Amino acid sequence: MALPNGAGGYQIGDGNLTEVSFTNFTVPTAYTATATLSVNDLAAGVVIYTSASTGNMTLPTAALTDAAFPSAKVGSSFDLALIATSTGVPTIVVGTGWSLASTSGAGVASKSVLYRAVRTGDATYSLYRIAG
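Residues numbered from 1 in each chain as written. Predicted model: local features only at pLDDT ≥ 70, side-chain atom pairs only at ≥ 80, totals over all residues. Heavy atoms only, no water.

Chemist: Describe in detail the sheet that holds strand S8 (residues 112–121), supporting the description with residues and values.
Modeler: If you walk across this open sheet you meet the six strands as S1-S3-S5-S8-S9-S7, and the pairing is mixed. The outermost strands of the open sheet, each flanked by one partner alone, are strand S1 (30–31) and strand S7 (98–100). (Pairing = 2+ DSSP bridges. Helix = DSSP H or I, 4+ residues; strand = E, 2+ residues; numbered from the N terminus.)

Structural data, given as structure tokens:
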């Protein structure tokens with residue numbers, strides 16, 4: 001059975017509640033070594049790590065994050081998936097204004113880890129490891 005596509009996807013207020021919910025997605029950056037992530041990486045929500053070596057993925061400063069997402073309020077959150085496609089282990093390292101609320105920023109070789117970033121104040125964020 002084919003799903004109805006009505007107005008081309010679920011739209012708030014359009015009444016087509018059984019349709020697929022579309023979102024925007026930016027093709028993620030693939031990193032091969034230690035790097036500082038950009039706010040564009042955070043906006044994309046996915047970072048790919050392709051190296052067979054370990055490497056640190058440093059978050060951009062919380063001030064840069066605030067500037068990139070000016071509508072974020074205290075308690076606003078977004079998710080970031082760290083995908084390791086090889087045997088290397090990427091590790092999320094907090095930038096200025098960030099804290100690591102979970103026990104580890106370490107990724108897992110050949111697997112994905114999901115984090116949730118929460119704005120806790122002006123130019124301050126906490127990062128929680130929520131899966132993987």
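Now that the structure has been shown, we can carry on.
Chemist: Can you lay out the pairing of strand S3 (residues 46–49) for me, pointing to particular residues and giving the numbers?
Modeler: Looking along a regular strand, one sees side chains alternate from face to face of the sheet. The pairing of S1 with S3 spans two bridges and is parallel. For Tyr 31, the partnering residue across the bridge sits in S3 and is Tyr 49. Two elements, S3 and strand S5 (residues 77–84), share four bridges in a ladder whose sense is parallel. By the bridge assignment for S5, Val 46 is matched with Ala 81.

Chemist: Please provide a residue-by-residue account of the pattern of salt bridges, values included.
Modeler: Overall, the coordinates contain three salt bridges when judged by the stated rule. Between Arg 119 and Asp 66 there is a salt bridge, with the nearest N and O atoms lying 2.8 Å from each other. Placement of Arg 119 in strand S8 and of Asp 66 in helix H2 (residues 62–68) is noted, with a sequence separation of 53 residues between them. Take Arg 119 and Asp 66: they sit in the same class, and that class is buried. (Salt bridge = Lys/Arg side-chain N within 4 Å of Asp/Glu carboxyl O. Buried < 20%, exposed > 50% of the residue type's maximum accessible area, 1.4 Å probe, protein only.)

Chemist: Mind laying out the packing of aromatic side chains, listing which residues take part and the relevant values?
Modeler: A full pass over the atoms with the stated rule returns two aromatic pairs. On the numbers, 4.9 Å between centres and 25 degrees between planes, the contact of Trp 98 with Tyr 125 is stacked. Taken together, the positions of Trp 98 in strand S7 and Tyr 125 in strand S9 (residues 124–131) put the pair 27 residues apart, joining distant regions of the chain. (Phe/Tyr/Trp six-rings, centres within 6.5 Å; stacked < 30°, edge-to-face > 60°.)

Chemist: I'd like to hear about the pairing of strand S4 (residues 55–58), residue by residue, with values.
Modeler: Side-chain alternation along S4 places Gly 55 and Met 57 on a buried face and Asn 56 and Thr 58 on a face that remains uncovered. The sheet contact formed by strand S2 (residues 35–36) and S4 spans two bridges and is parallel. Looking across to S4, one finds that Thr 36 is bridged to Thr 58. Bridge count between S4 and strand S6 (residues 90–93): four bridges; the pairing is parallel. Paired with Met 57 across the bridge in S6 is Ile 92.

Chemist: Tell me about the nonpolar core, and name the residues and values.
Modeler: Ranked by internal contacts, the top residues of the largest apolar core, which has 18 residues, are Leu 37, Met 57, Leu 59, Ile 92 and Trp 98. Within the residue set of this core, elements represented by two or more residues are S3, S5, S8 and S9. The contact partners of Trp 98, leaving out residues within four places of it in the chain, are Leu 42, Leu 59, Pro 60, Thr 61, Ala 62, Thr 65, Phe 78, Ala 117, Tyr 125, Ser 126 and Leu 127. (Core = buried A, V, L, I, M, F, W, Y, C linked by side-chain atoms within 4.5 Å. Contact = heavy atoms within 4.5 Å.)

Chemist: Account for the sheet that holds S4, with residues named and values stated.
Modeler: Read across the sheet, three strands follow the order S2-S4-S6 without closing on themselves; strand pairing throughout is parallel. A single partner strand is all that each edge strand has here, and the edge strands are S2 and S6.

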